[in-house]
Amino acid sequence: MLDRPNRIAVAAPSLDGGVARPDLVTVEQAKAMSIGDITTAFKEHLNPGQLHFMKLLGFHKVKIESAEGMFYTDQNGRKILDFFGGFGSLAFGHNHRRILEARQKFQDEKRHEIAIAFMSQYAAALAKNIAACSPGDLDMVFLGSSGSEAMEAAVKLAERAAGPKRPKVVYAENSFHGKTKGVLAITDGQLYRADFKLTDNTVRVPFADIDAVESAFKSDPEIGVIVLETIQGGGGIIQASAEYWQKLRALCDKYGVLWVADEVQCGYGRSGRFYAFEHYGVVPDVTALAKSLGAGKAAVGAMIARREVYMKAYGTSKTAMIHAMATFGGMGEACVTAIEGINVLYDEHLIDRAADSGSYLLDRLQALKAKYPKIIKDVRGQGLMIGLEFQDFSQTLPMVLRPVVSMLDDKLKGSLSGFIGALLLRDYDVLVAFTEYNRNVIRLEPPLICERAHVDQFISALDELLGRGIVGIVKGFLESQIG
Ligand SMILES: Cc1ncc(COP(=O)(O)O)c(C=O)c1O
C-alpha cells in the first residue's frame with residue numbers, strides 16, 4: 001500500500017543542500033501495489049482513457065502476480081490461460097527456463113550492454129542467427145527495440161535503395177505497421193492517423209488484390225516501394241492467396257519495385273514457417289521482425305534486407321551512419337535473450353508445434369462454427385495466428401435488450417467480441433485479444449508452446465459460453481457491468 005501521494009510540488013533542496021529525493025516508489029512497493037493504487041497511478045500518470053476500456057471488460061479487477069508457460073496467475077491465485085500472447089510476443093510463453101537462465105548468466109558475468117561503442121559480439125551473433133533463419137540473400141540486419149522501429153528502418157532503407165526518382169510507397173487497406181510518425185503514413189487506421197500531418201508520398205490499394213497493385217505500378221512510375229503485412233493482424237487476420245504473392249514478386253521484379261514484408265506479427269514461426277511468406281515460395285527485398293524476437297523478456301526488433309538492397313542504401317562509409325543502430329539497438333542482454341530464443345525455437349521444434357496446434361485449433365473452431373452458425377461468422381488463419389469472427393448482432397438482438405445495449409460504449413454496439421472476451425476472462429479464466437479495425441474479430445495468438453490440451457481447455461470454455469446463446473451472453477455481460 002502506498003501511504004503517501006507519489007508526487008512533489010517543487011523539488012526542494014534537502015537539509016544538507018543537495019537535490020532532495022522525490023517521493024519515489026521502490027521496486028518492492030511497486031510489486032505490492034493494490035489494485036486501487038495501480039488504478040490511481042494509471043489514471044494520473046499513464047492513460048486515463050484506456051482505463052475506461054479496462055473497466056468495460058472487467059480487466060481492471062485483475063492484478064497479475066506471476067506468469068509461467070501458458071498461464072498468468074492473479075492476486076487470488078487464479079490461473080488465466082493466455083490465448084492473447086501479447087499479440088504474438090510470447091512464442092515461448094511466460095518466463096521460459098532457458099531464457100531466464102541465459103539472462104541470469106549474462107548478468108552474473110557482468111557483461112556489457114551498449115553496442116554502439118565497441119563492436120558487440122552479441123549484436124553480431126544475433127544478426128548472424130537472424131540471417132541463418134532467413135531465406136535467399138536476406139542477410140543484412142538492423143537491430144532496434146520495437147516493431148515500429150524495425151518497420152521505420154525497413155521503409156527508409158527501401159526508399160533510399162529505390163532512389164529519389166521513385167519516392168512513392170504503396171500500402172494496403174486495413175494495414176497496421178506501427179504508430180510512429182513515419183510508418184503511421186502507411187498504417188490505415190483513421191483513428192490513429194487522422195489528426196497528424198503525414199508524408200503524402202503514399203498510394204493505398206486494397207489488400208490481396210493483385211490487379212490493383214499492377215494498375216498502380218503501371219500508371220505511376222514514381223512508385224518505388226510496396227509495404228504489406230504477409231498476414232494482416234490488425235485488419236482481422238486476413239490472408240492473400242499463394243498466387244497473389246507469387247504474382248506480386250513477379251510484378252515487383254518487372255517494374256523494379258522493392259517489396260517490404262512486415263512480419264512483425266506473423267513472423268518468427270507463428271504461421272508454421274519462420275516467415276509467413278515462406279508458405280508461398282517467395283522472398284521479399286526487405287522484411288521486419290519484432291514481438292517474439294525478444295523471447296517475451298526483452299524489447300527487440302529487427303529489419304532484414306537483401307544484401308544488394310542494403311548495400312545500395314547504406315553500403316559505403318559515407319552512407320553507413322544514415323540509419324545506424326540507435327542507442328538501444330543491439331543491447332547486450334536483449335541480444336543474448338534473442339539468441340537463446342532462436343536456439344530454443346528450433347531445439348523445441350516450436351515452428352512445427354505452431355503448425356500442429358494451429359491446425360488442431362482451426363479444426364475445433366470450425367466444428368464450433370458448424371454448431372453455432374448464428375454466432376460464429378468465420379474462422380480463419382494459419383498456424384497460431386487465428387481470427388474468430390462473430391456475426392454482427394445489431395439486427396438480431398431481441399427488442400427488449402436493444403435499448404440497454406445501445407447505451408453501452410460504441411465499441412460494443414453490434415459486436416459480440418467484447419462481451420465474449422470479457423466473459424471468457426470472468427467465467428472461464430481465459431484471455432483473448434481484440435482487433436484494431438474489425439470489432440467483430442477476436443484474435444487468437446497463444447504462445448507457440450501451446451499444446452493440444454490447452455486448445456481443448458480453450459475450446460470447452462468457448463463452447464460452454466456460446467451455449468448460453470446471444471441473449472444469455474449479452475445478459476451475462478450486462479450483469480457484470482452492474483455487479
Ligand atoms: C504487423 C505489425 N507491424 C508493426 C507493429 C508495430 O510494432 P510495435 O508495437 O512493437 O511498435 C505491429 C504491432 O502490433 C504489427 O502488428
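What counts, and where the lines are drawn
Residues numbered from 1 in each chain as written. Predicted model: local features only at pLDDT ≥ 70, side-chain atom pairs only at ≥ 80, totals over all residues. Helix = DSSP H or I, 4+ residues; strand = E, 2+ residues; numbered from the N terminus. Buried ≥ 20, exposed ≤ 12 C-beta atoms within 10 Å, placed from the backbone. Contact = placed C-beta atoms within 7 Å. Pairing = 2+ DSSP bridges. Axes fitted to C-alpha atoms, helices over the stretch in contact; angles between N-to-C directions. Expected span 1.5 Å × (residues − 1). Core = buried A, V, L, I, M, F, W, Y, C linked by C-beta atoms within 7 Å. Near = placed C-beta within 6 Å. Nonpolar A, V, L, I, M, F, W, Y, C, P; charged D, E, K, R; others polar. Domains from an automatic or database assignment. Parallel < 35°, antiparallel > 145°, perpendicular 65-115°, else oblique. Arc of directions from axis to C-beta.

1. Things to note about the overall build of the protein
Counting secondary structure elements, the protein contains 18 helices and 16 strands. Its C-alpha atoms give the protein principal-axis dimensions of about 70 × 65 × 45 Å. Residue burial in the protein is summarised as follows: out of 483 residues, 43% are buried. Considering only residue pairs separated by 6 or more positions, the protein has 73% of its internal contacts joining residues 24 or more positions apart.

2. Some details on the sheet that holds strand β7 (residues 223-229)
Taken in spatial order, the seven strands make up an open sheet running β4-β12-β11-β10-β7-β5-β6, and their pairing is mixed. Lying at the two open borders of the sheet, with one neighbouring strand each, are β4 (138-144) and β6 (202-205). Looking at each pair of strands side by side, their axes are set apart by 20 degrees on average, direction ignored. Across four bridges, strand β11 (residues 286-289) lies against strand β12 (residues 301-306) in antiparallel orientation. Each residue of the ladder has a partner; that of Ala288, found in β12, is Met303. Strands in contact with helix α6 (residues 121-133) are β4 and β12; relative to β4, the strand with the most contacts, it is inclined by about 135 degrees.

3. A few points about helix α7 (residues 147-162)
For α7, spanning 16 residues, the distance from its first C-alpha to its last is 22 Å, which sits close to the expected 22 Å at 1.5 Å a residue. The buried count for α7 comes to 14 of 16 residues, which makes it a mostly enclosed element. Phi for Gly163, located one or two positions after α7, is positive at around 95 degrees.

4. So, the sheet that holds strand β14 (residues 385-390)
Pairing is antiparallel across the open sheet formed by three strands, whose spatial order is β13-β14-β16. Where the open sheet ends on each side, the last strands, each with one partner, are β13 (376-382) and β16 (441-444). Here the average twist between neighbouring strands, direction ignored, is 15 degrees. Of the pairings in the sheet, the one linking β14 to β16 comprises four bridges and is antiparallel in character. Its bridge partner lying in β16, Ile386 is registered against Leu444.

5. Notes on the nonpolar core
Nonpolar side chains in soluble globular proteins tend to end up buried together. In terms of nonpolar packing, the biggest core is built from 127 residues, with Ala154, Val260, Ala302 and Met303 touching the most fellow members. For this core, the element with the highest residue contribution is α7, accounting for nine residues. Leave out the neighbours within four places in its chain, and Met303 touches Phe142, Ala150, Ala153, Ala154, Leu157, Val286 and Ala288.

6. Examining the site of the ligand
Contacts to the ligand come from 14 residues, most closely from Gly147, Ser148, Gly178, Val264 and Gln265. For the shell around the ligand, the element with the highest residue contribution is α7, accounting for three residues. Its residues placed into classes, the shell around the ligand shows five nonpolar, seven polar and two charged.

7. Structural notes on the environment of Ala290
With respect to the helices and strands, the residue Ala290 is situated in the loop between β11 and β12. Non-local contacts of Ala290, meaning those with residues more than four positions away in its chain, are made with Ser146, Gly147, Ala150, Val264, Val300 and Gly301.

8. Notes on the domain arrangement of the protein
Annotation of the protein at the domain level lists domain 1 (66-94 + 350-482) and domain 2 (99-347). Here the C-alpha centroids of domain 1 and domain 2 sit 29 Å apart. Listed by partner, the interface residues are 29 residues for domain 1 and 28 residues for domain 2. Contributions of two or more residues to the side of domain 1 that touches domain 2 are made by α4 (85-88), α14 (350-371), β13, β14 and β16. Of the residues belonging to the side of domain 1 that touches domain 2, the class tally is 14 nonpolar, 10 polar and five charged.

9. Comments concerning unusual backbone geometry
Of note, Lys110 is a non-glycine position whose phi angle comes to about 50 degrees, a positive value. When you line up the elements, Lys110 lands in the loop between α5 (97-108) and α6.

10. Focus on the packing of helix α10 (residues 210-219) against helix α11 (residues 242-255)
As a packed pair, α10 and α11 sit with axes 10 Å apart at the nearest point and diverge in direction by 5 degrees. Here α11 runs roughly parallel to α10, going by the angle between their axes. Contacts from Ile210, Val213, Glu214 and Phe217 of α10 reach α11 at Tyr244, Lys247, Leu248, Leu251 and Tyr255.

11. Overview of the pairing of β7
Most of β7 sits inside the fold, with seven of its seven residues counted as buried. Alignment of strand β5 (residues 168-172) against β7, held across three bridges, turns out to be parallel. Pairing of Val169 across the sheet is with Val225, part of β7. Where β7 meets strand β10 (residues 258-262), five bridges bridge the pair, whose relative direction is parallel. Paired with Leu228 across the two strands is Ala261, which belongs to β10.

12. Here we look at helix α17 (residues 452-466)
Here α17 is 15 residues long and its end C-alpha atoms lie 21 Å apart, about the 21 Å a rise of 1.5 Å per residue gives. His454, Val455, Phe458, Leu462 and Leu466 are the residues of α17 that are buried. Axial view of α17: buried residues confined to an arc of 100 degrees, hence all on one face. Facing away from the buried side of α17 by over 90 degrees, the exposed positions are Ala453, Ser460 and Glu464. Residues of α17 that are buried in the fold lie against β3 (79-82), α14 and β15 (430-431).

13. Details of the pairing of β12
When you tally the buried positions in β12, you get six out of six residues, the bulk of the element. The pairing of β4 with β12 spans six bridges and is classified as antiparallel. When the sheet's bridge partners are listed, Gly144 is paired in β12 with Gly301.

14. Regarding the environment of Leu368
Mapped onto the fold, Leu368 is located in helix α14. Looking at Leu368, the number of C-beta atoms within 10 Å reads 17, which means it is partly exposed. Taking C-alpha positions, Leu368 is 8.9 Å from Leu466, a pair spaced 98 residues apart along the chain. Residue contacts for Leu368: discarding those within four places in its chain leaves Ile376, Ile459, Leu462, Asp463 and Leu466.

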